[in-house]
Structures are given as structure tokens and as C-alpha cells.
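# Tertiary structure, described
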Amino acid sequence: MKKRYEIILLDTLWLAAMVLFASFWFDIRFGFNIFSSSHWHFLATAQLTPGGVMPLFYISMAGFAAATIVGLYFISRPRLRKINLRAPASAPHSGDGPAGKLPEQLQPTAPDPSYSPLATPQPLPRPPRIISPLAAQRKPAPAPSAAPMKAIPEQVAELSGGQEKLEEIFKAAGYIAKQPPKVGGLKLNLWAIGSDEVLYMGIADPHGGEITANEGGESKWTFGGRDFTSPVWKVSGAAEKIRALFSETLDSEIQITVKPFVVMNDANIINRASMSRIWEAFGVDVFDSMGALQEFMKNYKNREIKSEEQEDFNAYSEYIDTVANYFNKT
């Protein structure tokens, strides 16, 4: 809708410019005031007399009319969205140019592997190892090898039905849920789009109960005496990769709003008050449970798409599908 207002304003500006320019031209060249009704009446009378009006007058009118129509066309014509997800290929170099192969007489000679600007250092004699008999007797016997400890998993199993619950919440709010991609090794649980080119991306973290969040250093959260990687840090990194791809493949006038979020499994983040500002700086919303997210989305429902916006929205939806396929293949 914002783009349509800009086109209307540019059309109005172009019409005003052409009218002012025409006014100056006809006034200076023919002494004719296009804003005067008496001059138009005189022109109508002069047209009854053969040769009463100069041919250049008609040519000027036709020229201004054509320039006005052409300008309005170039301002109002639809512009296709430029999407390029292919990495730029290196341009081949010609063999005889400066970037091609060097001539035979300019080929560098292979370096001598035995040459060194410094003298070869002589190996120093290694001192003998001296162990007194008493020390040898006191040397403890090697302890029997203990069974290797199993690595403690960083997090518990995935939240059961997390993706289905998230899709139900967003569909109820009027958004279109798509198949979530895997971005930088992180499998998203939600990938939904809405009007005004909004993209929601989120993960459902299986940890619940009392949790202590920490976004500094290694960004580890504490749950039941164990540490796990901050889900805010993970989804924020995925969002940055997506924004970077948008900036490389879209025109600057197209702005997609990425809204990452994290849903916990009925958690109680005891230091939420101190962490909220950090999460806000990351641009990530954190919800303690599915119920909290559902209440939040009731206040942020998707705006209904108008008929004249449907074509742009379809193009946006296809582009998001292309982005998801791109990340799944990388």
C-alpha cells in the first residue's frame, strides 16, 4: 500500500511539472496563457480562419501530451522483484589478457627447497634422563584404566508435537505456516508468513521448570544443574543468516520483517527481568509456554490481505519457499 501512495505522489508531481513547463513555453513562445479562459476562447475563434494558428503551436501541444503520457507510464509501470539465490560465479579470464596466463618469459622460477637465508641450526645434545633408584622405587604403579564416562547430553529430547502446536497457534491468528527449514544446522519449528511481508521463525525448546538464563560468554542456560546452549543465541544467529540472504537477493526497496522467537516447555526463567533487555536487543521474543505464546498472538493477528495486494503476496510467498529450499540444501 505504501508503494501505491508513492506512485500516486510521483504521478501528481510529474503532472504539475509538465503543466508548469508548458505554461512557461506557451507564454514565452506564443504569448498564450494556458490558465486563461479568454485565451482558449481566442484560440477556438482563430482556428476557424485558415492559417490563423501556427503549426508549431499544435506540435508543442502534442509534444507535451506525449511527454506527459510517457512519464506517467515509466512511473506507474510494475517492477518485478529481483531474486537471485545463485552465488556469483568467477568470471573466466582470457589467456592473452593481463588476468590470464603469464607469458613464458615471465613465469616465476620454482624456489629452491634447500635454500634458506638463515644458517641451519645445529641440534643441541639432549641431556640424559637421570632417575635415582629411590625415585624409581617410589614411582606409583599405573592405575587401572577406568571405564570412559558417557557424555552428558546438552539438552533433553525434543518437545513432542511442538511444530504442530505452533502451526495451530499461528494459523488461528491468520498467518500461513510453511514447512520450516534448517538454517545453519538449526531446525526451526515454525516458518510462517503474513501480510506486510512479515516472517515469523521460531523454535520450541523442550526445557521446563526453573531455568537460569545467561547470554554472556558461552551463552549457556542452567536447568537442573546442567547447562545447555541458549536457544535465544541459536535462533538469533539463524535470523542473522536469513537477513543477510535477504539483503543479497532483494532490492533495497523490499523490506521483509523477520520476527524470531523461542517457546519454552512450561519454564520459569528466574532472571527474566534482567534478561529481557538483552533479548530485546537481539530482537527475540521468549515465551515460557505455548499458552503464553497463544495469548500473545491473540493481540497480534495477521491483517487481512486485500484483493489488490494478493499478487504481491503470492510473489512474497514463493520467494520465502525459495529461501527455505536454499537453506535446506546448504
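Once that is clear, we can look at the sheet that holds strand S8 (residues 226-229). Read from one edge to the other, the open sheet built from four strands follows the order S8-S7-S6-S10, with strand pairing classed as mixed. Where the open sheet ends on each side, the last strands, each with one partner, are S8 and strand S10 (267-269). Ignoring strand direction, the axes of neighbouring strands in this sheet form an average angle of 35°. Alignment of strand S7 (residues 220-223) against S8, held across four bridges, turns out to be antiparallel.

Within the secondary structure, Phe74 is located in helix H3 (residues 55-76). The partly exposed category is assigned to Phe74, whose relative accessible area is 44%.

Evaluated as defined, the whole model comprises six salt bridges. A salt bridge links Arg303 to Asp196; the nearest nitrogen and oxygen atoms lie 2.7 Å apart. Residue Arg303 is found in the loop between helix H8 (290-298) and helix H9 (310-329), and its partner Asp196 is found in the loop between strand S4 (190-194) and strand S5 (198-204); the two are separated by 107 residues along the sequence. Where Glu309 meets Arg303, a salt bridge forms, and the shortest distance between an N and an O atom there is 3.3 Å. A relative accessible area of 13% places Glu309 in the buried class. Taken together, the shared-partner salt bridges in this structure form one network comprising Asp196, Arg303 and Glu309.

Conventions used here
- Residues numbered from 1 in each chain as written.
- Predicted model: local features only at pLDDT ≥ 70, side-chain atom pairs only at ≥ 80, totals over all residues.
- Heavy atoms only, no water.
- Pairing = 2+ DSSP bridges.
- Helix = DSSP H or I, 4+ residues; strand = E, 2+ residues; numbered from the N terminus.
- Axes fitted to C-alpha atoms, helices over the stretch in contact; angles between N-to-C directions.
- Buried < 20%, exposed > 50% of the residue type's maximum accessible area, 1.4 Å probe, protein only.
- Salt bridge = Lys/Arg side-chain N within 4 Å of Asp/Glu carboxyl O.

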